[in-house]
Amino acid sequence: MGHSLKPGVVTGDDYKTLLTAAKEGGYALPAVNAVGTNSVNAVLEAAAKNRSDVIVQFSNSGGQFFAGKSLEDGFEAKVLGSVSAARHIHLLAEKYGICVVIHTDHANKALIPWVEALVGYSEEHYEKTGSPLFSSHMLDLSAEEIDFNLSESERLLKRMAPIGMSLEIELGVTGGEEDGVGSDDDIGADNPKLYTQPEDCLRAYQLLSPIGHFSLAASFGNVHGVYKPGNVKLRPEILKNSQDLVKETCGTGDKPLDLVFHGGSGSDKAKIAEALSYGVFKMNIDTDTQFAVSKAVGAYVEENSKAFKYQIDPDDGTPYKKKYDPRAWMRAGEQSMVERLDEAFQDLGSVGKTLAS
Ligand SMILES: [Zn+2]
């Protein structure tokens, strides 16, 4: 809508430009979990192919995996792996010709030090370059009392806002477990914990919006992972009620809250479209892209099963080097991830909408 940004990593006001364009344009950006350069590159490839901007995010264990599973100090690995991932994206994003947001996913109470350590790296990056290393972090204290959730969010945002960083918070519980955060026990239609109270969204808005930019993962029955139909009842109208309450109480324009949709894998497309119409600018995707990678690698192994047992065919002497070269099957996984992301960009309406030029 008249805005254009430089391709590459986007932070601060440029990030706000990106998400405002999405909300005004009625589309959202996929936020894809990555665990290594393969998945990061597949996300960038898919975004470039679809001419869409994109969000790449890392869970704490995704960061750890990036650093290497053998490192003894798991905490340090979570920090350094996430930093390494962010630096990889900073080096390459511009070459893909689209705008990229770098974000970290769920951090519960025990993971606050992980986020704080990453903010330290962004402060350092800001001193050198004028922008942070990460665009935003998520703090998920939805399992704690709301007073603690909000006061910790306030404390962190006060540190992050001056260097152009944004904070994502969670109110109400996204059901299910993902990378060690959350649990499957709370899944079940009509569990009230799975539905955010609009009054809580209002409290968050009144407290946090004067400090800096925040986004909100509001729960409307969404669940991480893919479960049997009927276990989950999505009620996106909760998002609308929250937007309306903030608008009426604070006298803002329409859809003042910047909303995030967690647990979107396996969701009904009509419910996704409805959620977007209520101001969702970011939808997380992890489970479906994990499956896309594994499905393609599985098919490749099945088709080339001898190459995974023998370097040379025991009967006819055929060399299998080209087949078992990890780049062959890893690339099959990347391509399948790109294909699944084609579908995500379509569902979210962001195809061709990049602001990069
Ligand atoms: Zn989530």
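Data block above holds the structure.
Residues numbered from 1 in each chain as written. Predicted model: local features only at pLDDT ≥ 70, side-chain atom pairs only at ≥ 80, totals over all residues.

Novice: Explanation requested: the overall build of the protein chain in the structure shown.
Specialist: Along its length, the protein chain carries 12 helices and 11 strands. For the protein chain, the C-alpha radius of gyration of 21 Å lies close to 21 Å, the compact-globule estimate for 357 residues. Dimensions of the protein chain along its principal axes, counting C-alpha atoms only, are 75 × 50 × 45 Å. Evaluated residue by residue, the protein chain yields a buried proportion of 50% over its 357 residues. (Helix = DSSP H or I, 4+ residues; strand = E, 2+ residues; numbered from the N terminus. Rg over C-alpha atoms; globule rule 2.2 N^0.38 Å. Buried ≥ 20, exposed ≤ 12 C-beta atoms within 10 Å, placed from the backbone.)

Novice: Which parts of the structure should I look at to understand the nonpolar core?
Specialist: One broad rule of soluble globular proteins: the nonpolar side chains tend to lie buried together. Membership of the largest hydrophobic core comes to 99 residues, with the highest contact counts inside it found for Val43, Val56, Val100, Leu216 and Val280. Broken down by element, this core gets its largest block of residues, 8 residues, from helix 12 (residues 326–348). (Core = buried A, V, L, I, M, F, W, Y, C linked by C-beta atoms within 7 Å.)

Novice: How do you make sense of helix 8 (residues 237–250) when you look at a structure like this?
Specialist: Each full turn of the α-helix corresponds to 3.6 residues, which orients residues three or four apart in the same direction. Compared with the 20 Å implied by 1.5 Å per residue over 14 residues, the 20 Å span of helix 8 between its first and last C-alpha is a close match. Among the residues making up helix 8, those that are buried are Ile238, Leu239, Ser242, Gln243 and Val246. All buried residues of helix 8 fall inside an arc of 140 degrees around its axis, so they share one side. Set apart from the buried face of helix 8 by more than 90 degrees, the exposed residues are Glu237 and Glu248. Where helix 8 is buried, its residues touch helix 7 (198–208), strand 9 (214–218), strand 10 (259–261), helix 9 (269–277) and strand 11 (280–285). (Expected span 1.5 Å × (residues − 1). Arc of directions from axis to C-beta. Contact = placed C-beta atoms within 7 Å.)

Novice: Explain the pairing of strand 11 here, please?
Specialist: The side chains of a regular strand alternate between both faces of the sheet. Within strand 11, 6 of the 6 residues are buried, which leaves it mostly tucked inside the rest of the structure. Bridging between strand 2 (residues 29–33) and strand 11 involves 4 bridges; their strand directions are parallel. Note that in strand 11 the partner of Leu29 across the bridge is Lys282. Two elements, strand 10 and strand 11, share 3 bridges in a ladder whose sense is parallel. Pairing of Val260 across the sheet is with Lys282, part of strand 11. Following the chain from strand 10 across helix 9 to the adjacent parallel strand 11, one finds a crossover that is right-handed. (Pairing = 2+ DSSP bridges. Right-handed = clockwise from strand over helix to strand, strands pointing away.)

Novice: Please clarify how the packing of helix 6 (residues 146–160) against helix 7 should be interpreted in this entry.
Specialist: The description of two helices packed together rests on the angle between their axes and the distance between the axes. At a minimum axis separation of 10 Å, helix 6 and helix 7 run at an interaxial angle of 25 degrees. By the criterion of interaxial angle, the relationship of helix 6 to helix 7 is roughly parallel. Two packed elements cross with a definite hand, and for helix 6 against helix 7 that hand is right-handed. Judged by residue contacts, Ile146, Leu150, Ser153, Glu154 and Leu157 of helix 6 engage Asp200, Arg203, Ala204, Leu207 and Leu208 from helix 7. (Axes fitted to C-alpha atoms, helices over the stretch in contact; angles between N-to-C directions. Parallel < 35°, antiparallel > 145°, perpendicular 65-115°, else oblique. Left-handed = near helix turned anticlockwise from the far one by under 90°.)

Novice: How do you make sense of unusual backbone geometry when you look at a structure like this?
Specialist: Glycine aside, the phi torsion of most residues is negative, and most peptide linkages are trans. With phi around 50 degrees, Arg51 is a residue other than glycine that occupies positive phi space. Locating Arg51 in the fold gives a position in the loop between helix 2 (37–50) and strand 3 (54–58). The class of Arg51 is partly exposed, set by 15 C-beta atoms lying within 10 Å. For Lys255, which is not glycine, the phi torsion reads 45 degrees and is therefore positive. Here Lys255 is to be found in the loop between helix 8 and strand 10.

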